[in-house]
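One letter stands for each residue in the lines below.
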Amino acid sequence: MGEMWKGLELPDRWLSPLSDTNTKKYIRFPDSQTFFCPSLDSFDGRVLALALEEEHTDFGRALVAALWFDRPVQMILKTGKEIMGMEACVYRCHIAGPLFTKKLLEIRSENPDHDMASAWELRFLKNIEVKDISEVKRPDRALEPEWHLDCMKYTKNG
Amino acid sequence: MKKKREEWEKLCRTYPDLSPFVLLKISMVWYGAVLTETALDRLQEPDYCFGKLEPFAIQFDGRPANKVMPGGILLRDATYVYINYGETYENPYQIDWDDEQGEFLLRDEDGIIDTVDFVPRPDFFGKITSKGTPMEAVADARAQKLIFTAFQKCRLWEGKDQCHFCAFFTGRYSLGEVDCEEIYETVREALKEPGRFSEIYLSGGTDFSGEPPFSVEIERYIRVLQAVGRNFQGRFSSQLMAPAYPHQALKRIYEETGLTSYCPNIEVWDKHLFQTLCPGKEKWIGYEEWIRRTLDAVEIFGKGKVCTQVVAGAELARPYGFKTEDEAIKSNFEGCEFFAKNGVICLSTIWRPHRASRLGFQPMPSLSYYVRLAKGFHEIRKSYGLISTNDDYKHCGNHPDSDLERLDV
Ligand code: SF4
């Protein structure tokens with residue numbers, strides 16, 4: 001645990017494709033499950049962060065397993081024909097605090113009806129070569145909705 | 001003196017399928033933790049500074065008078081660790097603040113184990129209700145849970161019938177009965193912070209007043225839940241931790257409020273030990289009746305929406321407890337299985353002996369006892385298809401066994 005807590009700087013070449021709205025973003029877990037990951041970004045050039053809509057899902061469980069058992073994941077970006085890959089560690093799960101709020105507000109600014117269960121912080125480990133991106137899936141749905149209470153609050157407008 | 005890191009790493013090797021974070025949490029609660037002055041100073045700043053007034057106040061002698069104690073600890077996977085700050089521990093972990101990294105560090109005697117964080121200060125702390133009460137005295141907060149204590153004392157203490165492990169309300173500050181309007185206002189204020197809360201938790205000390213007994217308490221909980229509910233449309237994610245009520249009373253609570261989950265805590269599964277360690281619960285309700293009512297509640301709230309917990313370790317406490325950990329484990333697993341079979345989630349929480357309780361300060365069962373218990377409870381419930389969405393790592397954090405559920409469903 002202790003050895004990895006510092007993480008590495010994200011090389012500059014990642015910053016522009018990460019912020020490009022035309023970039024397609026993916027995360028691949030060690031068992032080859034690959035998910036779309038549109039919320040991936042870096043706000044400070046060091047920390048990578050993604051929003052997890054629901055936890056009790058295949059995507060949620062894969063993130064937990066990667067964090068618990070120190071299993072590096074692959075982050076893949078595709079801009080036009082160019083594919084970039086990195087190995088990253090799943091570093092921290094945020095359920096409150098500044099990074100959590102930042103990701104949540106991002107999600108809600110796109111669609112006020114959207115909610116997010118948790119924000120996940122990843123740290124760059126090394127660049128890798130990725131040849132293809134296949135069998136990408138969207139996360140399955142949680143059995144019970146995972147809403148925050150402020151999404152359920154009563155307003156005069158209904 | 002035991003080396004904590006070595007011991008924890010050994011546990012990780014022995015239980016490679018269990019979360020290292022949950023194992024670390026068990027170890028941290030077991031050994032305790034102290035904050036360095038630098039860490040405590042950092043925790044006085046606005047992003048972390050918690051309230052001075054704790055609704056479930058427990059008396060601790062070792063707290064610096066001029067500093068506010070922080071919220072719970074969050075490990076890197078957001079596992080919640082509750083530490084009795086100010087307790088005198090023999091061989092505690094240390095939590096320090098690293099200014100250069102901008103992170104809190106968990107250390108043992110040999111160095112850094114990991115980085116940790118704390119529950120951030122909720123925005124409603126520091127605000128006051130229309131009647132002038134600080135909102136931090138009305139509600140407490142965890143990372144995602146908003147906690148109300150409807151009655152900030154327990155009448156079981158009056159006849160010395162309190163649970164033997166309990167030290168609640170031994171601190172100096174208490175509001176007694178809380179005001180519904182203030183609860184409504186505090187919820188309304190808390191909901192202004194985006195995504196901060198996903199469950200409301202209501203509990204309080206036992207109040208057997210009224211005829212039939214507990215009728216005053218039941219009416220109070222209905223009033224409070226209705227006040228909370230004025231902030232929502234329909235049901236809202238919530239849990240009531242209260243005595244085991246008769247079916248009709250529970251039905252009223254369910255139908256007249258937006259409550260979604262109910263938790264009458266058995267505390268100790270063994271019948272004889274329950275009767276000894278929880279004399280007030282035995283006197284006012286009784287062991288068999290407590291269990292019968294708990295099972296009946298599933299008809300109202302649904303499978304997996306009724307919970308109960310054991311204060312794990314109290315069943316081994318001197319002078320009444322089991323003589324061996326194996327006997328205690330067997331009893332606890334039997335209880336967990338019995339409840340699971342009947343759709344009730346039985347959880348374990350780690351007993352921390354406290355000087356202000358009747359059992360006093362005495363040695364806890366071994367660390368491995370708690371690991372076996374967490375693993376066993378998790379496996380038993382899983383085999384019955386139970387998952388604790390109301391008492392998981394996010395909405396409670398007191399139960400290592402439910403922290404382990406994150407890979408299940
Ligand atoms: S019911 Fe028991 S555990 Fe709860 S506050 Fe009263 S004495 Fe303490």
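Structure's up top.
Residues numbered from 1 in each chain as written. Chains lettered and ligands numbered in written order. Predicted model: local features only at pLDDT ≥ 70, side-chain atom pairs only at ≥ 80, totals over all residues. Heavy atoms only, no water.

Our focus in this paragraph is the overall build of chain A. On a plain count of helices and strands, chain A comes out with 3 helices and 7 strands. Ordered by position from N to C terminus, the α and β elements of chain A give α-β-β-β-α-β-β-α-β-β. Overall, the C-alpha framework of chain A stretches about 55 × 35 × 30 Å when taken along its three principal axes. Within chain A, buried positions represent 52% of all 158 residues. Restricting to contacts in chain A with at least 6 residues of sequence separation, those with at least 24 account for 74%. Accessible area for chain A stands at about 7800 Å²; split by element, carbon and sulfur atoms hold 50% of it. Measuring between centres, the 22 positive side-chain charges of chain A sit 2 Å from its 26 negative side-chain charges. (Helix = DSSP H or I, 4+ residues; strand = E, 2+ residues; numbered from the N terminus. Buried < 20%, exposed > 50% of the residue type's maximum accessible area, 1.4 Å probe, protein only. Contact = heavy atoms within 4.5 Å. Areas by Shrake-Rupley, 256 points an atom, 1.4 Å probe, with all protein chains shown as cover. Lys, Arg positive; Asp, Glu negative; His and termini not counted. Charge placed at Lys NZ, Arg CZ, Asp CG, Glu CD.)

So, on to the interface of chain B and chain A. Contact with chain B, which involves 53 residues of that partner, is made by 39 residues of chain A. Among the residues of chain B in contact with chain A, R76(B), L407(B) and V409(B) are the three that bury the most area, contributing 19% of the side total. Linking chain B with chain A are 3 salt bridges. Across the pair K394(B) and E55(A) runs a salt bridge, and its minimum N-O distance is 2.6 Å. The tally of links between chain B and chain A comes to 17 residue pairs in polar contact (both at pLDDT 80 or more). Secondary structure elements with two or more residues in the side of chain B that touches chain A: α1 (4-14), α2 (20-31), β5 (103-108), β6 (111-118) and β9 (199-203) of chain B. In terms of residue count, β6(B) provides more of the side of chain B that touches chain A than any other element does, 6 residues in total. Of the residues in the side of chain B that touches chain A, the class split is 24 nonpolar, 10 polar and 19 charged. (Buried area = accessible area lost by both parts, 1.4 Å probe. Salt bridge = Lys/Arg side-chain N within 4 Å of Asp/Glu carboxyl O. Polar contact = N/O pair within 3.5 Å; in protein donor to acceptor, adjacent residues only side chain to side chain. Nonpolar A, V, L, I, M, F, W, Y, C, P; charged D, E, K, R; others polar.)

Each regular strand displays side chains that alternate between the two surfaces of the sheet. Residue and element names in this part refer to chain A. Of all 5 residues that make up strand β1 (residues 24-28), 4 are buried, and the element is covered over most of its length. One ladder, built from 5 bridges, connects β1 with strand β4 (residues 73-79); its direction is antiparallel. In the sheet register, K25 faces β4, and the bridge partner there is L77. Summarising the sheet, β1 and strand β2 (residues 34-36) pair through 3 bridges and their orientation is antiparallel. Counterpart to I27 in the pairing with β2 is F35. Joining the antiparallel neighbours β1 and β2 is a turn of 5 residues, in which S32 adopts a positive phi near 80°. (Pairing = 2+ DSSP bridges.)

In the vicinity of the ligand, the contacting residues are C154(B), L156(B), W157(B), Q162(B), C163(B), C166(B), F168(B) and T206(B). Of the residues in the shell around the ligand, the class split is 6 nonpolar, 2 polar and no charged. (Near = heavy atom within 4 Å.)

Residues and elements named next belong to chain B. All told, the structure shown has 48 salt bridges over all chains when counted by the stated rule. R155 is paired through a salt bridge with D207; the nearest N and O atoms lie 3.9 Å apart. Of this pair, R155 sits in the loop between β8 (145-149) and α5 (180-190) while D207 sits in the loop between β9 and α6 (215-229), and the two are 52 residues apart along the sequence. Salt-bridge contacts for E255 lead to K251; the nearest nitrogen and oxygen are separated by 3.6 Å. Here K251 and E255 lie together in helix α7 (residues 247-256), a separation of 4 residues that amounts to about one turn. Of the residues examined, E255 reaches a relative accessible area of 56% and is grouped as exposed. Here K251 falls in the partly exposed class, since its relative accessible area comes to 32%. Members of the salt-bridge network, linked through shared partners, are R155, E158, E177, D207, R220 and R223.

Residue and element names in this part refer to chain A. Look at helix α3 (residues 98-110): 19 Å from first C-alpha to last across 13 residues, which is about the 18 Å you get at 1.5 Å a residue. Every buried residue of α3 is listed here: L99, F100, K103, L104, I107 and R108. Looking down the long axis of α3, one finds its buried residues gathered within 165° of arc, a one-sided arrangement. In α3, the exposed positions angled more than 90 degrees off the buried face are occupied by P98 and S109. On its buried face, α3 sits against β3 (47-52), β5 (82-94) and β6 (118-128). (Expected span 1.5 Å × (residues − 1). Arc of directions from axis to C-beta.)

This part is about the sheet that holds strand β2 (residues 73-74) of chain B. All names here are of chain B. Overall, mixed pairing links the 6 strands, which are arranged β1-β4-β5-β6-β2-β3 in an open sheet. In this open sheet, the two strands that pair with only one neighbour each are β1 (33-35) and β3 (80-81). Pairing of β1 with strand β4 (residues 93-98) involves 3 bridges; the strand directions are parallel. Looking at the pairing, A33 lines up with Y93 of β4. Set on the sheet, α1 makes contact with β4, β5 and β6; between it and β6 the angle comes to about 80°. (Axes fitted to C-alpha atoms, helices over the stretch in contact; angles between N-to-C directions.)

This part is about the sheet that holds β6(A). All names here are of chain A. In spatial order, the strands read β3-β6-β5-β4-β1-β2-β7; together these 7 strands make up an open sheet with mixed pairing. The two strands at the open ends of the sheet, each matched to only one other strand, are β3 and β7 (136-137). Against the sheet, helix α2 (residues 58-68) engages β1, β2, β3, β4, β5, β6 and β7, with an angle of about 75° to β5. Here α3 sits on the sheet and contacts β3, β5 and β6; the angle it forms with β3, its principal contact strand, is near 55°.

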